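This is what each chain is made of:
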Number of protein chains: 4
Amino acid sequence: MNKQETILQSAIRMFTEKGVDKTTISDIVKDAGVAQGTFYLYYPSKLSLMPAIAEVMVKATLDEVITAVDPAVSLRTQLAQFVDAIFRVSRDHHEIQAMIYAGLASSEHLREWESVYAPVYEWVSRLIETGREHGDFRTDSSPDQLAKLIIALTESAAEQIYLYDVETDQENRAAIQKEETVKFLAYALGLPADD
Amino acid sequence: MNKQETILQSAIRMFTEKGVDKTTISDIVKDAGVAQGTFYLYYPSKLSLMPAIAEVMVKATLDEVITAVDPAVSLRTQLAQFVDAIFRVSRDHHEIQAMIYAGLASSEHLREWESVYAPVYEWVSRLIETGREHGDFRTDSSPDQLAKLIIALTESAAEQIYLYDVETDQENRAAIQKEETVKFLAYALGLPADD
Amino acid sequence: MNKQETILQSAIRMFTEKGVDKTTISDIVKDAGVAQGTFYLYYPSKLSLMPAIAEVMVKATLDEVITAVDPAVSLRTQLAQFVDAIFRVSRDHHEIQAMIYAGLASSEHLREWESVYAPVYEWVSRLIETGREHGDFRTDSSPDQLAKLIIALTESAAEQIYLYDVETDQENRAAIQKEETVKFLAYALGLPADD
Amino acid sequence: MNKQETILQSAIRMFTEKGVDKTTISDIVKDAGVAQGTFYLYYPSKLSLMPAIAEVMVKATLDEVITAVDPAVSLRTQLAQFVDAIFRVSRDHHEIQAMIYAGLASSEHLREWESVYAPVYEWVSRLIETGREHGDFRTDSSPDQLAKLIIALTESAAEQIYLYDVETDQENRAAIQKEETVKFLAYALGLPADD
DNA sequence: TATGAATGAGCGTTCATTCAT
DNA sequence: CATGAATGAACGCTCATTCAT
């Protein structure tokens with residue numbers, strides 16, 4: 001792994017452990033085992049790491065989703081698998097997600113965000129199109145629009161559980177929230193219940 | 001307005017204008033017209049302002065919602081009014097919302113967040129209960145659960161429009177997103193279409 | 001002496017001892033016995049000290065000149081006293097003079113320089129005007145023009161001796177250079193020799 | 001042009017463009033199109049370039065003077081041509097001159113300065129000697145002494161115009177200053193007016 | 001209560017210098 | 001000879017925090 005990659009990995013680790021604001025470049029380079037100046041060979045500032053990190057996160061999300069969702073099962077089950085995957089990503093990376101939401105917001109790298117996140121939208125869009133070919137889902141909204149709202153709902157539902165530090169009974173609350181989210185989505189999409 | 005309140009208002013203004021990280025206590029006290037030391041009479045640190053700010057925001061949200069939603073009209077219309085209100089709050093205060101999401105996350109004041117936000121959840125919960133008394137909404141989920149997801153979806157949908165700087169055609173995209181969100185919610189809640 | 005004045009004095013001392021470039025703000029505040037941050041309460045940067053230092057230098061120059069020149073003696077003698085004073089200032093402060101010449105040049109504070117130095121030009125101008133009232137000095141150049149060249153010549157002659165580190169026989173070479181400068185000036189100004 | 005020479009030329013260009021302090025070795029090697037390490041094959045530090053640069057400058061000055069001054073014309077005119085040449089050099093290279101004056105001063109390479117500048121002194125000295133053979137110039141000062149003061153006056157007069165950024169009406173003020181300088185010199189040297 | 005001058009630890013950043021290739 | 005990635009000491013500067021008034 002080259003030094004640029006090492007720095008990026010260390011940045012993700014440090015941001016996750018202590019938050020973006022409280023992470024110093026000194027923390028990152030110490031963790032990465034490189035000199036202070038080496039950081040600046042690859043990134044002009046701390047915030048300029050954000051797009052690269054977002055990219056890593058999106059890739060991780062997409063990988064998780066693709067691995068988790070089995071195209072052979074019913075759409076309702078696929079939806080459950082999707083929700084499960086998003087909740088898992090949120091649980092494992094909620095610090096980074098908070099960082100992306102607000103950290104990116106305060107940087108000048110926001111423009112890049114939409115394009116970085118595009119693959120996830122596209123994946124969900126295609127899921128809907130495929131479903132429609134089998135006669136599933138309501139058809140009075142475009143796949144792109146539905147994809148946006150599906151993702152908005154699912155990530156936001158996951159964050160309600162994982163973004164905040166209240167860890168009491170977390171997995172139990174997560175299970176309920178997941179089940180409710182799937183049901184909510186099924187209704188919202190006009191998906192008939194499994195029989 | 002006493003000095004504590006003045007400081008809080010200045011903090012909100014400064015945070016909104018230049019972001020939380022880039023706002024210094026010096027900025028706040030200058031804007032408030034008080035001395036540097038006075039800040040510390042009321043708040044031990046910059047982050048300790050967060051719960052108070054969150055409270056103000058939640059109150060603003062609730063006021064907006066209560067004002068906008070007319071209990072006399074159809075539930076579908078009330079839903080549309082609710083979505084409209086949330087989008088408006090997001091448009092006007094997206095900086096603060098990003099701040100609350102991630103700014104709070106990095107502080108030690110997170111515990112207070114849930115209790116601060118509770119009134120909004122309760123308001124939506126009561127909306128559902130009232131609807132049920134008239135035979136509306138599906139009943140296979142608890143009002144509290146539905147409230148959570150309604151809020152999650154609506155705020156997240158609004159943020160997709162307003163959190164990012166792409167201001168091209170913003171209000172047009174917002175109109176479409178609002179309409180789709182209402183439709184999505186109506187399906188998700190088992191609400192019959194207006195007739 | 002207040003802290004601002006203390007910092008200024010320390011800056012002059014440090015600049016004189018080790019040169020402007022090699023003097024760090026840390027050097028200055030250590031010498032002044034104040035905290036690092038205190039510096040920035042009064043000066044936004046190292047270069048912003050320059051106009052203040054220039055002012056001190058000009059005042060020192062003017063004091064030296066006014067003290068040294070006796071209006072009661074012949075103009076030729078007054079000229080010698082003036083040259084003597086300028087050489088003395090150069091000897092004692094040549095580091096600062098080099099600093100002002102080039103240090104100011106690299107800053108954005110250059111505009112202020114002319115106004116700061118104005119009193120010296122004016123003093124020499126008045127010397128010429130007074131001389132003319134007694135029928136001395138050639139009259140085919142304006143006092144202001146002559147003042148500029150008198151100062152240019154005298155300071156530059158002094159710097160040839162003192163700006164560079166060659167200290168061998170310095171005072172002897174200075175004596176010769178002073179005498180020649182006075183003679184040069186006397187001719188240049190159309191001043192008759194003492195009789 | 002070999003790499004050593006390329007580096008020197010780039011250093012002069014960079015120093016002129018952005019000042020000595022703000023020019024980094026990285027700037028120089030980038031401009032020169034050589035690697036960072038190559039610099040150190042030829043110069044041990046940034047300041048060690050100074051004597052070489054001074055030499056180039058002095059050569060440029062001498063070339064300008066020799067080209068400009070026509071030995072066939074009257075001494076008064078030659079003086080005007082000389083003043084003109086010095087003003088031109090100052091206008092085109094005032095950044096480097098400031099650099100040499102104070103930049104050299106802060107280095108350990110000062111000893112070399114006098115010897116580097118010697119050819120200019122000698123040229124002026126010879127001008128005076130030649131003039132004397134024709135019965136011109138006063139003879140109560142040595143040519144070497146006069147040369148020093150002539151150069152001191154002329155360069156300093158030029159700097160009063162060009163060292164500072166006030167560019168309003170610069171060429172007009174330069175013309176007046178040049179004329180006055182020639183007149184001043186003519187008197188100072190006991191040179192009869194052209195007839 | 002209220003002030004604001006003073007603090008100083010610690011930050012991001014620069015850049016002259018080295019050395020394995 | 002030439003390279004340029006890597007170094008890390010040292011810099012200017014910020015700003016939350018304190019405390020004598």
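Residues numbered from 1 in each chain as written. Chains lettered and ligands numbered in written order. Predicted model: local features only at pLDDT ≥ 70, side-chain atom pairs only at ≥ 80, totals over all residues. Heavy atoms only, no water.

In this section: the overall build of chain A. When you go through chain A residue by residue, the secondary structure sums to 8 helices and 0 strands. Along chain A, from the amino end to the carboxyl end, the secondary structure elements read α-α-α-α-α-α-α-α. C-alpha extents for chain A along the principal axes are approximately 60 × 35 × 30 Å. Taken across its 195 residues, chain A has 52% of its residues classed as buried. Taking contacts inside chain A between residues at least 6 apart in sequence as the whole, the part at least 24 apart equals 66%. Surface summary for chain A: the accessible area is close to 8700 Å², and the carbon and sulfur share equals 52%. Here chain A contributes 18 positive and 31 negative side-chain charges, whose respective centroids are spaced 4 Å apart. (Helix = DSSP H or I, 4+ residues; strand = E, 2+ residues; numbered from the N terminus. Buried < 20%, exposed > 50% of the residue type's maximum accessible area, 1.4 Å probe, protein only. Contact = heavy atoms within 4.5 Å. Areas by Shrake-Rupley, 256 points an atom, 1.4 Å probe, with all protein chains shown as cover. Lys, Arg positive; Asp, Glu negative; His and termini not counted. Charge placed at Lys NZ, Arg CZ, Asp CG, Glu CD.)

Interfaces are frequently sized by the accessible area removed from exposure as the parts join. Contact residues are listed per partner, giving 37 residues for chain C and 38 residues for chain D. Surface buried jointly by chain C and chain D totals about 3900 Å² across both partners, of which 57% is contributed by carbon and sulfur atoms. Put simply, the parts of the chain that give the side of chain C that touches chain D at least two residues each are α5 (75–103), α6 (111–133), α7 (143–162) and α8 (170–188) of chain C. Ranked by the residues each element gives to the side of chain C that touches chain D, the list is headed by α7 of chain C, at 10 residues. Tallied by class, residues from the side of chain C that touches chain D come to 20 nonpolar, 7 polar and 10 charged. (Buried area = accessible area lost by both parts, 1.4 Å probe. Nonpolar A, V, L, I, M, F, W, Y, C, P; charged D, E, K, R; others polar.)

All told, the structure shown has 20 aromatic pairs over all chains when counted by the stated rule. Ring geometry for Phe39 of chain D against Tyr40 of chain D: centres 5.3 Å apart, planes inclined by 70 degrees, an arrangement best described as edge-to-face. Within the aromatic cluster, the residues linked to one another by ring pairs are Phe39, Tyr40 and Tyr43 of chain A. (Phe/Tyr/Trp six-rings, centres within 6.5 Å; stacked < 30°, edge-to-face > 60°.)

A separate point is the protein's contact with DNA strand E. In the neighbourhood of DNA strand E, 31 residues make up the surrounding shell, with Thr38 and Tyr42 of chain B, Thr38 and Tyr42 of chain C together with Tyr40 of chain D lying closest. Atoms of DNA strand E within 4 Å of the protein: sugar and phosphate make up 63%, bases the balance. Within the side chain of Gln36 of chain A, one N or O atom sits 3.4 Å away from a base oxygen of DNA strand E. A distance of 2.6 Å separates a phosphate oxygen of DNA strand E from a polar side-chain atom of Thr38 of chain B. Looking at the surface near DNA strand E residue by residue, the classes come out as 14 nonpolar, 14 polar and 3 charged. (Near = heavy atom within 4 Å. Polar contact = N/O pair within 3.5 Å; in protein donor to acceptor, adjacent residues only side chain to side chain.)

Here we come to the pattern of salt bridges. Here the structure, examined in full by the defined rule, presents 36 salt bridges over all chains. Across the pair Lys59 of chain D and Asp63 of chain D runs a salt bridge whose closest N-O atoms are separated by 3.1 Å. Placement of the pair is Lys59 of chain D and Asp63 of chain D together in helix α4 (residues 50–68), with a separation of 4 residues, close to one helical turn. Of the residues examined, Asp63 of chain D reaches a relative accessible area of 37% and is grouped as partly exposed. One salt-bridge network, in which partners are shared between bridges, spans Glu64, Asp84, Arg88 and Lys178 of chain A. (Salt bridge = Lys/Arg side-chain N within 4 Å of Asp/Glu carboxyl O.)

Look at α4 of chain D: 27 Å from first C-alpha to last across 19 residues, which is about the 27 Å you get at 1.5 Å a residue. What α4 of chain D keeps buried is the set Met50, Pro51, Ile53, Ala54, Met57, Val58, Thr61, Leu62 and Val65 of chain D. (Expected span 1.5 Å × (residues − 1).)

The next point concerns the relation of the copies chain C and chain D. The operation relating chain C to chain D is a screw motion whose rotation component is 180 degrees, with 0.2 Å of axial translation and a residual RMSD of 0.2 Å. These values place the two chain copies in the arrangement generated by a two-fold rotation axis. Taking the C-alpha atom as reference, chain C places Ala188 of chain C closest to the rotation axis, 1.9 Å from it. (Least-squares fit on C-alpha atoms with pLDDT ≥ 70 in both.)

As a further point, take the relation of the copies chain B and chain A. In the superposition of chain B on chain A (RMSD 0.2 Å, axial shift 0.1 Å), the rotation amounts to 180 degrees. Interface overlap between copies is the fraction of interface residues in one copy that are interface residues in the other; for chain B against chain A it reaches 97%, indicating a shared surface.

What follows concerns helix α7 (residues 143–162) of chain B. The terminal C-alpha atoms of α7 of chain B lie 28 Å apart, and with 20 residues this matches the ideal 28 Å at 1.5 Å per residue to within 8%. When you tally the buried positions in α7 of chain B, you get 18 out of 20 residues, the bulk of the element.

A word on the protein's contact with DNA strand F. Close to DNA strand F lie 29 residues, the nearest being Thr38 and Tyr42 of chain A, Tyr40 of chain B together with Thr38 and Tyr42 of chain D. Each atom of DNA strand F within 4 Å of the protein belongs either to a base or to sugar and phosphate, the latter forming 65%. A distance of 3.1 Å separates a base nitrogen of DNA strand F from a polar atom in the backbone of Gly37 of chain A. In this structure, a phosphate oxygen belonging to DNA strand F sits 2.9 Å away from a main-chain N or O atom of Ile25 of chain B. Secondary-structure elements contributing two or more residues to the surface near DNA strand F are α3 (36–42) of chain A, α2 (25–32) and α3 (36–42) of chain B, α3 (36–42) of chain C together with α3 (36–42) of chain D. By residue class, the composition of the surface near DNA strand F is 14 nonpolar, 13 polar and 2 charged.

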